[in-house]
Amino acid sequence: MSEIRNAWGFTLFADDLRHEVGGKTSLMGIYQLDMIHPLDFPITIPKFVMLIKYYEVKGAFNGDNLVVKVFFPGDAEDEPTVNMTVAGSFRDSVEPTYQPDADSERILNVTMPIVISPLTIKEEGFIRVRVQCGETITRMGRLMIRKLRDSDNIQFIPSPSASPSPFSQPLPAAPAS
């Protein structure tokens, strides 16, 4: 028998987020499966963004608070790097922007951008995002952070604001003419 899901969602992991004219949100440098870095850990990156999109069936959780927890590699299970509470009373003030269709299910949508700048990551592993509402814990996504492997076919172009590249070598002299 399948379980009825009253909450679900996802997290997009990126390098930057911008709020644009016309109500748009733009994410730059969206990570797919993992973040690959050429340096040994710990590493510091200039900026890291998580755009959390949380959905729940209206009325499923009444006044329960949302507790957003983000665990970085090396965090203990009871000590996430990010531990943020959204008061459950926010549900009382939510009204649909447009009149719903007669056959529409009432879904509550919460968008939570989290920007950390700079971010130091202690060790290789997963960033895990969880939202707890009452006794329900919703897994919102994870991202592996790891060191570049010899088998990876990736080229790095160092950023002026990033840590010094281990590949820094003087350019060869131009041939004499």
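Refer to the structure presented above.
Residues numbered from 1 in each chain as written. Predicted model: local features only at pLDDT ≥ 70, side-chain atom pairs only at ≥ 80, totals over all residues. Heavy atoms only, no water.

Details of the packing of aromatic side chains
Here comes step 1: If you walk through the whole model with that rule in mind, you get 4 aromatic pairs.
Here comes step 2: Taking 6.2 Å as the distance between ring centres and 25° as the angle between the ring planes, the aromatic pair formed by F13 and F48 counts as stacked. With F13 in strand β1 (residues 7–14) and F48 in strand β6 (residues 48–57), the pair connects residues that are 35 residues apart, well separated along the chain. Just as F13 is buried, F48 falls in that class too.
Here comes step 3: Ring geometry for F48 versus F72: centroids 6.3 Å apart, planes at 70°, classification edge-to-face. Taken together, the residues span a long stretch of sequence, with F48 in strand β6 and F72 in the loop between β7 (66–71) and β8 (82–86) at a distance of 24 residues. Note on accessibility: F48 and F72 belong to one class, buried.
Here comes step 4: For R128, the ring lying beneath its charged end belongs to F71, and the centroid distance is 4.6 Å.
Here comes step 5: Taking NZ or CZ as reference, R142 lies 3.8 Å from the ring centre of F126, over its face. (Phe/Tyr/Trp six-rings, centres within 6.5 Å; stacked < 30°, edge-to-face > 60°. Helix = DSSP H or I, 4+ residues; strand = E, 2+ residues; numbered from the N terminus. Buried < 20%, exposed > 50% of the residue type's maximum accessible area, 1.4 Å probe, protein only. Lys NZ or Arg CZ within 6 Å of the ring centre and 35° of its normal.)

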